[in-house]
Structures are given as structure tokens and as C-alpha cells.
Amino acid sequence: MAVPLLDLSGQHAALLPEFRAVFERAVTSGQFILGPEVQAFEARLAAYCRTRHALAISSGTDALLLALMALDIKAGDEVITSPFTFFATAGCIARVGAVPVFVDIDPATFNIDPTKIAPAITPRTRAIMPVHLFGQVAEMEPIMKIARDRKLAVIEDAAQAIGSMRDGKIAGSIGEVGCLSFYPSKNLAALGDAGACTTNDTRLYERLRALRVHGEETRYHHSFIGGNFRLDALQASWLAVKLPHLDGWAAARRANAQRYQQSLAGLPLGLPTEAAGAHHVFNQFTIRVPGGRRDALKKHLDSRAIGAAIYYPLCLHMQKCFEYLGGRAGDFPIAEQAAAEVLSLPIFPEMTAAQQDEVIAAVREFFA
């Protein structure tokens, strides 16, 4: 039986009548960009994320870029972040002219190691950008303490972690600004690109909102330069249909993760860890395959038409576009080891028991 890495067809089929209704409403309204549909989604998203404000953005990448712009991060500034994450995290730092400064990760959670942050701070450091990777919030309490003590901004890259919590605080509500992605592979998936910024700072929200429309504060009057980071009304209305189901989908992901944990226990591989006080939402179920056998396992799963993916095979400090930073192999050994060992298995909420049995059997067969 073929098992895809992600299959949204069942999720979408169940919501099709509501999708059709919002599509017809959007077409007849004539309001295709921003407007009431976007505002309604933003209000619901802010309530869900327990923040004063949420701002719908054109993509998760644009949310990161907008956050950096709103905090006036510019050429010569440094932003501390993880080398083991999707490219947009560091790419957006570089796009505003700032310098990504990488520190190593926690081997258990794959998130940035707070103990490595303080030694990386220099007089040019302006912000810390922790990533809540694979659906688990980073260890934010020590990160926020460092930021307060050094007067640094914290931008949460929560692209993979909507709904995840740590110590009772939800992703995107902890730092100055949180950045969410609604790319189709995320737990809350748009039917295309979409994202959001969340914040409790009203002044920062007003700046974010102006930057979203080219820095426009009143019509055709610009105090600063922004960009076109607007969200389509249709995407917002679709996301509003999906949002009430998000916690149920996360619960299904957690149930699938628990079943994997039980069924794959005892094999010579590393299983995901949920940190103390954390509520993991498993955007990915990422195992470690040590001993140089990861690629062989992926090939084995591919041969059985079972979806598996490597997130991420090359750390950011070793990417060609960041050669100018002077990074070398061995700089961040924990992140580099993760890049050589990680493999993500299917965990989408609509996954059937039979599909999961197929994945488990194939993994166990490989190690037999």
C-alpha cells in the first residue's frame, strides 16, 4: 500500500461545502485582497494564539521578513538563530542586510540550545530568532531572560508550530512577534501560500500593519518603505473555516506519534522527544537513523511508495549562499549530526491505522 508523506484530500473533502460557500461569498463580494474576511480571520487567530493582535501575511517567509523590518533590523546588525531549520529563517535575516549568527541545537528537540546564545552575543546583536522546529516550542524562558537582560528583541519562528505550547505559553505569544506559516504542509494549511504575525505590542502591530502595504499609514501617504505582504481574502476565509478544527487535527497527530513511539520502540533509531512542560503538535514526526543508514532507510521506504522526507540535509552555515559568513563543517556538530541522521515519517491527521501499519512494518523490515 502506498502511503504519502501528506494527504489533505480527506481533510478538504469533509470541508468542501464550507469552502464552496466562502468561495461564492468572496466572488460576489468583490473584495479579493484584505477586507472583512481577512479581519475576521485575524481576530480569530489572535484569540487562538492568545495575543492582542494577529496580522495576516502573504506567506510565512514574508512574516519573518516583515517582523525584521518592523523591528528595524538592518545592515550590520546581527541576529542569533539556529543553523538547523528551513532556509527562510536565515534567508530573511540576510535579506534585510543583517548577519545571521548561528549557534548549535539541543540534540533531543532539534531546537536552539539556550546555553549557546549568550557567548554568541556581540555589541552588534539586535535580536534572537528561535525556531520552534517540527511542532515543538523552543526552551523560551532562558531565551527571554537573555533577551531582557541584553535588551534584545525575540522573533519566534513558529512556522511549524501553531498551537504548540511550553509551560502554558502558546507559540507566537512569547517574544515581541511570532511568525506563522500556513503553507499547505503545515498543521493549519492554506490552499496556497499564507502566513501571519502575532504580537502583544500594539505599537509594533501598527508598524507591521503599515509595512504590509508599502509603509502606508493613510492612503497614499508613506512615512517609511514597506512592501506588498497582503493576504488574499479567499485564503483568509478558507483558513477561518479550518481554524476551529486545528486542535482536533493536532490531537490526531499526537495519537499517531504515540503509536509510532510504541511500535518503533527498541529499534536502533532515535525517536522524537517531547520536552518537559511541552505540548508537541508534530508538524513532522522526525526520527534519527544513526550509523550512516538514514539514506538507505529512505531508499527502502521509497521502494515501497512510502513518503518520507529529510528536513534538513544541509545546515545553513554550510550553504553556498552563506559562504561569506565563513562557516565550516564542524562548527556546529550537533546540528550537523542531525542533518546526517533525520528522517520524517508520515503523520498527517487523516492517516488511517492501515497506512500507519504499512509505515511501521516497512521500518521494522529494514532493521530486521
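The shown structure was predicted, so the numbers you read here are calculated from the model rather than taken from an experiment.

> What is the right way to read the nonpolar core from this model?
Soluble globular proteins: nonpolar side chains tend toward being buried together. In this structure, Phe 41, Leu 45, Ile 117 and Phe 182 are the most contacted members of the largest nonpolar core, which totals 45 residues. Elements with a minimum of two residues in this core: α2 (36–49), β1 (53–57), α5 (140–150) and α7 (233–242). It is α2 that provides the largest number of residues to this core, a total of 6 residues. Contacts of Phe 41, omitting those with residues within four sequence positions, involve Ala 56, Phe 182, Ala 236, Leu 239, Ala 240 and Leu 243.

> Honestly, the side chain of Gln 235 in this entry has me stumped. Any pointers?
By the secondary structure assignment, Gln 235 is in helix α7. When neighbours within four sequence positions are excluded, Gln 235 is seen to be in contact with Ala 190, Leu 191, Gly 192 and Asp 193.

> I'm lost on the sheet that holds strand β6 (residues 165–166) in this one. Help?
The strands making up a sheet associate through hydrogen bonds between their backbones, and the pairing can be parallel or antiparallel. The strand order β7-β6-β12 describes an open sheet built from 3 strands, whose pairing is antiparallel. Every interior strand has two partners, whereas the edge strands, β7 (169–170) and β12 (278–279), have only one. As judged from the 2 bridges shared by β6 and β12, these two strands associate in the antiparallel manner. The residue of β12 that forms the bridge with Arg 166 is Ala 278.

> Explanation requested: the environment of Asp 106 in the structure shown.
Here Asp 106 lies in the loop between β3 (99–102) and β4 (125–129). Classification of Asp 106 by relative accessible area gives partly exposed; the value is 25%. Asp 106 has contacts with Asn 111, Ile 112, Asp 113 and Ile 334, leaving out every residue within four places of it along the chain.

Criteria and cut-off values
- Throughout, a residue's number is its position along its own chain's written sequence, starting from 1.
- It should be noted that, the model being predicted, local features are given only for residues of pLDDT at least 70 and side-chain atom pairs only at 80 or more, the latter also being counted only at that level, while totals for whole chains, interfaces and linings use all residues.
- Each side-chain value is worked out from all heavy atoms of the structure, with water and hydrogens disregarded.
- Nonpolar core, defined: a set of buried Ala, Val, Leu, Ile, Met, Phe, Trp, Tyr and Cys residues in which side-chain atoms within 4.5 Å join the residues together.
- Only protein chains enter the accessibility calculation, which uses a 1.4 Å probe; a residue whose area is less than 20% of its type maximum is buried, one above 50% is exposed, and one in between is partly exposed.
- In this description a helix means any DSSP run of H or I spanning at least four residues, a strand means any run of E spanning at least two, and both kinds are numbered starting from the N terminus.
- By the convention used here, residues are in contact when the closest approach between their heavy atoms is within 4.5 Å.
- Following DSSP output, two strands are said to pair if at least two bridges run between them.

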